[in-house]
Amino acid sequence: MSVMKNRAVLRWLVPVTAGVAVIGGGAAVGTFAAGADPALPPRSAAQLLEDLRTSRLDGLSGTVVQRADLGLPPIAALAGRAAGNDLAGLVSGTHTLRVWYGGEDRQRLALVDTLGEQDILRNGRDVWTWNSRENTATHRVLPADAPDRAAVPATPADAADRALEAIDPTTAVTVGRTATVAGRSAYELVLTPRDKASLVHQVRIALDAEEHVPLRLQVLADGQDEPAFQVAFTQVDFRTPEADQFRFNPPPGVKVTEATEGERPGPAGKRFDKADAEKPDVRTVGTGWTTVVVAKIGDAATGGGAKPGADAPDAQMLAQVLGDLPKVSGDWGSGRLLSGKLFSVLLTDDGRVIAGLVTPERLYEAAKG
């Protein structure tokens with residue numbers, strides 16, 4: 001199976017790379033390779049990209065450590081949890097995940113912390129989410145025509161795929177220093193935005209020298225020497241995991257919820273129906289690394305649209321969290337601002353969410369339209 005040809009393989013394998021997904025960046029390809037340990041035969045960026053496109057991944061298991069220092073206020077993670085997504089805590093701090101890949105329809109991810117474990121498993125058409133802390137699980141049977149991907153991506157391969165999927169002249173791609181990642185020799189591809197208005201300085205992808213699979217991805221913010229975001233294997237095994245790794249047997253006493261037709265799985269114990277999945281009115285402004293996404297979602301943008309009902313406490317918490325964001329205003333209107341090292345998000349009082357890998361000033365310009 002080609003890793004680049006079948007993007008489902010990569011996408012199942014980091015929600016926190018949503019900022020990278022906005023990138024329109026790609027490349028004039030450089031050929032310089034810096035010498036460093038380990039010693040590897042010189043390869044150009046074009047050769048490494050071809051290695052990545054033609055590589056095959058039949059199986060994989062390993063440990064992934066993600067570190068995020070995005071310069072976001074603590075309420076960023078709280079907002080996700082208030083909306084029913086415990087995995088939103090990945091936007092800050094250091095987190096350890098175990099991953100298994102056994103084919104396009106067999107994947108597993110486990111987020112482990114001091115308070116418990118959260119798992120997402122796909123085995124054929126069966127998808128399970130499990131929360132050990134709450135002792136809850138949700139089961140869903142995928143339709144026969146479901147795409148070959150799981151609900152949550154989580155490895156450097158996914159992040160690299162999103163960074164490379166829109167290669168064009170807005171980015172210079174060169175070869176960096178060689179590296180050792182998870183005990184394996186790796187080349188490094190370096191993506192540098194040509195547009196200096198982007199908050200992203202560089203994206204660095206460490207590519208396994210033998211398997212040509214991304215082992216580490218780092219995103220550096222403008223003016224920063226240390227990565228604002230990094231996801232990397234600390235241990236990796238390219239053998240196909242045993243089938244038992246993808247079977248879920250509910251522990252004693254677990255509360256199991258069966259998701260019905262038309263629902264999509266969320267965190268364990270949470271369900272989302274078709275109305276939740278409706279797409280907002282979305283458009284983009286600009287191109288490349290300075291693309292700004294504008295979505296019209298109604299009053300919920302600033303938390304003012306909380307509806308009474310079973311989920312009212314979560315909605316009220318979300319409204320309170322978003323209400324703590326700094327107020328901003330100008331000739332474009334008024335709203336709340338969430339800004340970090342790599343991206344900015346503007347939630348306007350007229351119900352728009354405007355986001356990009358740019359400064360707030362660029363968002364204000366987009367808000368005028």
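The shown structure was predicted, so the numbers you read here are calculated from the model rather than taken from an experiment.

## Considerations on the overall build of the chain
For the chain, the helix and strand inventory stands at seven helices and 22 strands. In the chain, which comprises 369 residues, the proportion classed as buried is 52%. Entry remark: accessible area of the chain is about 17,000 Å², with carbon and sulfur atoms responsible for 49%.

## Points about the pattern of salt bridges
Here the structure, examined in full by the defined rule, presents ten salt bridges. For the salt bridge of E210 with R184, the shortest nitrogen-to-oxygen distance reads 3.7 Å. Here the residue E210 occupies a position in the loop between β11 (200-208) and β12 (214-221), and R184 occupies one in strand β10 (residues 184-193), the gap between them amounting to 26 residues. Given a relative accessible area of 62%, E210 falls into the exposed group. Salt-bridge contacts for K368 lead to D331; the nearest nitrogen and oxygen are separated by 3.5 Å. Here the residue K368 occupies a position in the segment after α7 (360-367), and D331 occupies one in the loop between β19 (327-330) and β20 (333-339), the gap between them amounting to 37 residues. D331 matches K368 in its accessibility class, with the two residues each being exposed. Each of R184, D208 and E210 takes part in a single network of salt bridges with overlapping partners.

## Brief notes about the environment of A172
Looking at where A172 falls in the secondary structure, it is placed in strand β8 (residues 171-175). Residue A172 is classed as buried on the basis of its relative accessible area of 19%. The sequence separation of A172 and T192 amounts to 20 residues, and the corresponding C-alpha distance is 5.2 Å.

## Structural notes on the side chain of E188
Along the chain, the position of E188 falls in strand β10. Given the relative accessible area of 10%, E188 is considered buried.

## Observations concerning the pairing of strand β2 (residues 60-68)
Of all the nine residues making up β2, eight are buried; the element is thus mostly covered by neighbouring parts of the structure. Bridging between β2 and strand β3 (residues 93-101) involves nine bridges; their strand directions are antiparallel. Bridged to R67 within β3 is T94. With eight bridges joining them, β2 and strand β13 (residues 229-237) adopt antiparallel strand pairing. Within β13, the residue paired with G62 across the bridge is V236.

## Comments concerning helix α3 (residues 45-54)
All buried positions along α3 are accounted for by A45, L48, L49, D51 and L52. Looking straight down α3, one finds that the buried residues subtend no more than 155° of arc, so they occupy a single side.

## Some words on the nonpolar core
Grouped together as the largest cluster of nonpolar side chains are 45 residues, with contacts concentrated most on L60, V203, F229 and L342. Looking at this core element by element, the count peaks at five residues for β11. Counting residues in each nonpolar core, the second largest holds twelve residues, with V328, W332, L346 and L363 among its members.

## Re the sheet that holds β19
The strands that make up a sheet pair up through hydrogen bonds in the backbone, lying either parallel or antiparallel. Across the sheet, which stays open at both edges, the six strands sit in the order β17-β18-β22-β21-β20-β19 with antiparallel pairing between neighbours. Every interior strand has two partners, whereas the edge strands, β17 (281-285) and β19, have only one. The average undirected angle you get between the axes of adjacent strands in this sheet is 25°. Examined bridge by bridge, strand β18 (residues 292-296) and strand β22 (residues 352-356) share five bridges and lie antiparallel to one another. What sits directly across from V292, in β22, is G356.

## Overview of α7
Along α7, the residues that are buried comprise P360, L363, Y364, A366 and A367. Down the axis of α7, the buried set is contained in an arc of 160°. They therefore lie on one face. For α7, the elements touching its buried residues are β17, β18, β19, β20, β21 (344-348) and β22.

## Side note on the pairing of β10
In terms of residue burial, β10 counts as a mostly covered element, since eight of its ten residues are buried. Where β8 and β10 come together, five bridges link them in antiparallel fashion. If you follow T174 over to β10, its bridge partner there is V190. Where strand β9 (residues 179-181) meets β10, three bridges bridge the pair, whose relative direction is antiparallel. Bridge assignment links V181 to a residue of β10, and that residue is R184. Between β9 and β10, which pair antiparallel and follow one another directly, the connecting turn spans two residues, one of which, A182, has a positive phi of 55°. Pairing of β10 with β11, which is carried by six bridges, proceeds in the antiparallel orientation. Each residue of the ladder has a partner; that of E188, found in β11, is A206.

What counts and how
Residues numbered from 1 in each chain as written. Predicted model: local features only at pLDDT ≥ 70, side-chain atom pairs only at ≥ 80, totals over all residues. Heavy atoms only, no water. Helix = DSSP H or I, 4+ residues; strand = E, 2+ residues; numbered from the N terminus. Buried < 20%, exposed > 50% of the residue type's maximum accessible area, 1.4 Å probe, protein only. Areas by Shrake-Rupley, 256 points an atom, 1.4 Å probe, with all protein chains shown as cover. Salt bridge = Lys/Arg side-chain N within 4 Å of Asp/Glu carboxyl O. Pairing = 2+ DSSP bridges. Arc of directions from axis to C-beta. Core = buried A, V, L, I, M, F, W, Y, C linked by side-chain atoms within 4.5 Å. Axes fitted to C-alpha atoms, helices over the stretch in contact; angles between N-to-C directions. Contact = heavy atoms within 4.5 Å.

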